[in-house]
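The residues making up each chain are set out below.
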Amino acid sequence: MKKLIIAFAAIAFLASCKKEYTCTCKTTLLGITSSASTTIKDTKKNAEETCDKGDQSGLVECSID
């Protein structure tokens, strides 16, 4: 039982580790598309939320690569 608890604790720790994620934002204006990328070091959930803050209705679309 003790080994099982240690295994679950290790999995929980690794799942919440901060990693580097690349956020790419693409902008389309007058038929021309450009993109910019930035690195976010956080949990995947937080990185996705941060990246999505860059979205702008129809002009800028951001996503984690």
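Residues numbered from 1 in each chain as written. Predicted model: local features only at pLDDT ≥ 70, side-chain atom pairs only at ≥ 80, totals over all residues. Heavy atoms only, no water.

(A) Expanded view of the overall build of the protein. When you go through the protein residue by residue, the secondary structure sums to two helices and three strands. Start at the N end of the protein and walk to the C end: the helices and strands fall as α-β-β-α-β. Taking all 65 residues of the protein together, 15% fall into the buried category. Long-range contacts, defined here as pairs at least 24 residues apart, represent 40% of the contacts in the protein between residues at least 6 apart. (Helix = DSSP H or I, 4+ residues; strand = E, 2+ residues; numbered from the N terminus. Buried < 20%, exposed > 50% of the residue type's maximum accessible area, 1.4 Å probe, protein only. Contact = heavy atoms within 4.5 Å.)

(B) Spotlight on a negative patch on the surface. Together, Glu48, Glu49, Asp52 and Glu61 make up a negatively charged patch on the protein surface. It is helix H2 (residues 44-52) that provides the largest number of residues to the negative patch, a total of three residues. As for its position among the elements, glutamate 48 is in helix H2. Of the residues examined, glutamate 48 reaches a relative accessible area of 34% and is grouped as partly exposed. (Patch = residues over 30% accessible without salt bridge, like charges linked within 9 Å, V, L, I, M, F, W, Y side chains within 5 Å. Areas by Shrake-Rupley, 256 points an atom, 1.4 Å probe, with all protein chains shown as cover. Salt bridge = Lys/Arg side-chain N within 4 Å of Asp/Glu carboxyl O. Lys, Arg positive; Asp, Glu negative; His and termini not counted. Charge placed at Lys NZ, Arg CZ, Asp CG, Glu CD.)

(C) Inspection of the pairing of strand E2 (residues 32-42) at higher detail. Across 11 bridges, strand E1 (residues 19-29) lies against E2 in antiparallel orientation. Across the sheet, residue cysteine 23 finds its bridge partner in E2, namely threonine 38. Where E1 hands over to E2, the hairpin turn is made up of two residues, of which leucine 30 adopts a positive phi near 55°. (Pairing = 2+ DSSP bridges.)

(D) Structural detail: the state of the cysteines. Going through the model one piece at a time under the given rule, you end up with two disulfides. The disulfide partner of cysteine 23 is cysteine 51, and the S-S distance across this bridge is 2.0 Å. With the S-S bond torsion at 80°, the cross-link from cysteine 23 to cysteine 51 turns out right-handed. Taken together, the positions of cysteine 23 in strand E1 and cysteine 51 in helix H2 put the pair 28 residues apart, joining distant regions of the chain. Cysteine pairing for the protein (bonded cysteines numbered in sequence order): 1-3, 2-4. (Disulfide = S-S within 2.5 Å.)

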